[in-house]
Amino acid sequence: MSDNGRVTSPDVPHPEALEAAGLRPSLPSPLQEVEDERFARHGVRLLLKRDDLIHPDLVGNKWRKLAPNLRAATGRNLLTFGGAYSNHLRATAAAGRLLGTGTIGVVRGQELADRPLNPSLARCAADGMRLHFVDRSTYRRKAEPEVLAHILRETGAQDAYVVPEGGSNSLAVHGCAVLGEELRGRADVVAVACGTGGTLAGLAAGLAPGQRALGIPVLKGDFLATDVEALQRSAFGARRGTWTLDTRFHFGGYARVPGELEAFADDFGARHGLPVERLYVAKLLYGLAALTERGAFARGTTLAAVITGRPLP
Ligand SMILES: *Cc1c(COP(=O)(O)O)cnc(C)c1O
């Protein structure tokens, strides 16, 4: 464990001061139509929901998911979990810096403790996050009460506010329902890339009847429908809205970005002046172009793609 922590001031400005402290979002995020013949020739209108513009440091869905948790934490230290390249860890660290709140990041991979920090973890540390590396089997079992209690003891963070991996809990799902509400009446299908599925769970619940949410998982596996359903049950007591998953566009799994996907993302970025984040947004946009080409959307469909993030600088 590398301990680069700092002392949290006891009089952290909370919770009313979230905005004053630099967490003021730019909402609702813009909805932009793009001209792209790969969609137009199939009679599909493509809109980009620019959640990447919500906040300079807490980008996209990470702002929507973290803000309600930051309010609930009422100034306590925040402890959360992520892999070595987790956008969620970076957003949490940035929030800690902006609010003057201590943050602890539990990172998957004991072996990383002995290596120089990668740029993503270095950014977390520079923002004051205390990094605590755990082996992969401990990480897998982090939701088990004894394992979590052990981690809290080891980090001396017994009183911390714990946010799950990826930031997806009930409060986060409620935060993402606002994304759906912002899109009511604006599109027939709203598509989003999925990691833990918290964003999709909220989005689908916020849309109006008749609108459909489409999730594109970036991880390999069949767990996500169950997870999204569980997140909706815990947030709303029942399944909400109309949503489906298309599991064909993970490109081999998380953080796998083959050349074909790189080329697509570069080209899309150049055509539309959009910096295309590779791990999630590129797979979403590629999937939508492929589905449109296969005739998956009826002529006359308005399709909104949620741009949940932007590339690391
Ligand atoms: C975290 C993240 C997601 C995934 O959000 P989930 O709620 O975990 O499904 C999507 N896009 C970007 C850019 C992200 O950083």
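Summary of the structure given here.

1. Digging into the overall build of the protein
- If you tally the helices and strands in the protein, you get 12 helices and 10 strands.
- Here the C-alpha atoms of the protein give a radius of gyration of 19 Å, agreeing with the 20 Å that 2.2 N^0.38 yields for 313 residues.
- Referenced to the eigenvectors of the C-alpha coordinate spread, the extents of the protein come out at roughly 60 × 40 × 35 Å.
- Long-range pairs, those at least 24 residues apart, make up 74% of the contacts in the protein between residues at least 6 apart in sequence.
- Of the roughly 13,300 Å² of accessible surface on the protein, a fraction of 52% belongs to carbon and sulfur atoms.
- In the protein, which carries 38 positive and 33 negative side-chain charges, the distance between the mean positions of the two groups comes to 2 Å.

2. Here we look at the site of the ligand
- Neighbouring the ligand are 16 residues; Lys62, Lys65, Thr196, Thr199 and Thr308 lie closest to it.
- In the environment of the ligand, an oxygen atom lies 2.8 Å from a nitrogen or oxygen atom belonging to the backbone of Gly197.
- Between the ligand and Thr199 there is a distance of 2.7 Å, counted from an oxygen atom to a side-chain nitrogen or oxygen.
- Protein chains shield 97% of the accessible area of the ligand, which is 390 Å² for the free molecule.
- Breaking the shell around the ligand down by element, the ones donating at least two residues are helix H3 (61-73), strand S7 (189-194) and helix H9 (198-206).
- Per-class residue counts for the shell around the ligand are 3 nonpolar, 10 polar and 3 charged.

3. What about the pattern of salt bridges?
- One pass over the full model with this rule turns up 23 salt bridges.
- Taking the shortest distance from any N to any O, the salt bridge between Arg271 and Asp36 comes out at 3.9 Å. Of this pair, Arg271 sits in helix H11 (residues 259-272) while Asp36 is found in the loop between strand S1 (31-34) and helix H2 (37-40), placing the two residues 235 residues apart along the sequence.
- The exposure class assigned to Asp36 is buried, which follows from its relative accessible area of 3%.

4. Observations concerning the sheet that holds strand S2 (residues 45-49)
- The 6 strands are arranged S1-S2-S10-S7-S8-S9 in an open sheet whose pairing can be described as mixed. Both outer strands of the open sheet, S1 and strand S9 (243-245), are each paired with one neighbouring strand and no more. With strand direction ignored, the average angle separating the axes of adjacent strands in the sheet is 25 degrees.
- Pairing analysis gives 4 bridges linking S1 to S2, with the strands arranged antiparallel. Looking at the pairing, Leu31 lines up with Lys49 of S2.

5. Things to note about the pairing of strand S4 (residues 103-108)
- Burial analysis of S4 places 5 of its 6 residues in the buried class, the great majority of the element.
- In this sheet, S4 lies alongside strand S3 (residues 78-82) in parallel orientation, the contact comprising 5 bridges. By the bridge assignment, Leu79 is partnered in S4 with Ile104.
- Handedness of the crossover joining S3 and S4 through helix H4 (residues 87-99) is recorded here as right-handed.
- The pairing of S4 with strand S5 (residues 129-134) spans 6 bridges and is parallel. When the sheet's bridge partners are listed, Val106 is paired in S5 with His132.
- With respect to chirality, the unit in which S4 leads through helix H5 (residues 119-126) into the neighbouring parallel S5 is right-handed.

6. Some points on the layout of surface pockets
- In this structure, the second largest pocket encloses a volume near 310 Å³.
- What lines the second largest pocket is Phe81, Arg108, Arg136, Tyr139, Arg140, Lys142, Ala143, Leu148, Pro164, Glu165 and Ser168.
- Top element by residues in the lining of the second largest pocket is helix H6 (residues 136-140). It accounts for 3 residues.
- Residues of the lining of the second largest pocket, tallied by class, amount to 5 nonpolar, 1 polar and 5 charged.

What counts, and at which threshold
- Along every chain, residues carry numbers that run from 1 in the direction the sequence is written.
- For this predicted model, a pLDDT threshold of at least 70 governs which residues receive local features, and a threshold of 80 or more governs which side-chain atom pairs are given and counted, while totals over whole chains, interfaces and linings are taken from all residues.
- Values reported for side chains reflect all heavy atoms of the structure, with hydrogen atoms and water molecules removed beforehand.
- Here a helix means four or more residues in a row that DSSP labels H or I, a strand means two or more in a row labelled E, and each is numbered from the N terminus.
- Throughout, radius of gyration means the C-alpha value; the globule benchmark is 2.2 Å times the number of residues raised to the power 0.38.
- For this analysis, residues touch if any pair of their heavy atoms sits within 4.5 Å.
- Computed with a 1.4 Å probe, the accessible areas rest on the Shrake-Rupley method; for each residue, only the protein chains presented here act as cover.
- Charged residues are defined narrowly, with Lys and Arg counted positive, Asp and Glu counted negative, and His plus the chain ends left uncounted.
- For the purpose of locating charges, the reference atoms are NZ of Lys, CZ of Arg, CG of Asp and CD of Glu.
- We define proximity as follows: a residue is near a molecule or strand when any one of its heavy atoms falls within 4 Å of that partner.
- Here a polar contact is recorded for every N or O atom pair within 3.5 Å, except that within protein the pair must consist of a potential hydrogen donor and a potential acceptor, and residues adjacent in sequence are included only if both atoms are side-chain atoms.
- Each residue gets one of three labels, nonpolar for Ala, Val, Leu, Ile, Met, Phe, Trp, Tyr, Cys and Pro, charged for Asp, Glu, Lys and Arg, and polar for the others, Gly among them.
- Any carboxyl oxygen of Asp or Glu that lies within 4 Å of a side-chain nitrogen of Lys or Arg is treated as forming a salt bridge with it.
- Summary of the burial criterion: residues with accessible area below 20% of their type's maximum are buried, those above 50% are exposed, and those between are partly exposed, where the area comes from a 1.4 Å probe applied to protein chains only.
- Here, a strand pair is defined by DSSP locating no fewer than two bridges between the strands.
- An axis is simply a line fitted to the C-alpha atoms; with a helix, the fit covers only the stretch in contact. Between two such axes, the angle follows the N-to-C directions and lies from 0 to 180 degrees.
- Throughout, right-handed denotes a crossover for which the path from the first strand over the helix to the second runs clockwise when the strands point away from the viewer.
- We place a 1 Å grid over just the protein atoms. Points where a 1.4 Å probe fits but has no way out form a cavity, open points with protein on both sides within 12 Å along at least 5 of 7 lines form a pocket, and any residue with an atom within 4 Å of a point lines it.
- Grid points are joined across faces, edges and corners, and a volume is the space filled by probe spheres set on the points.

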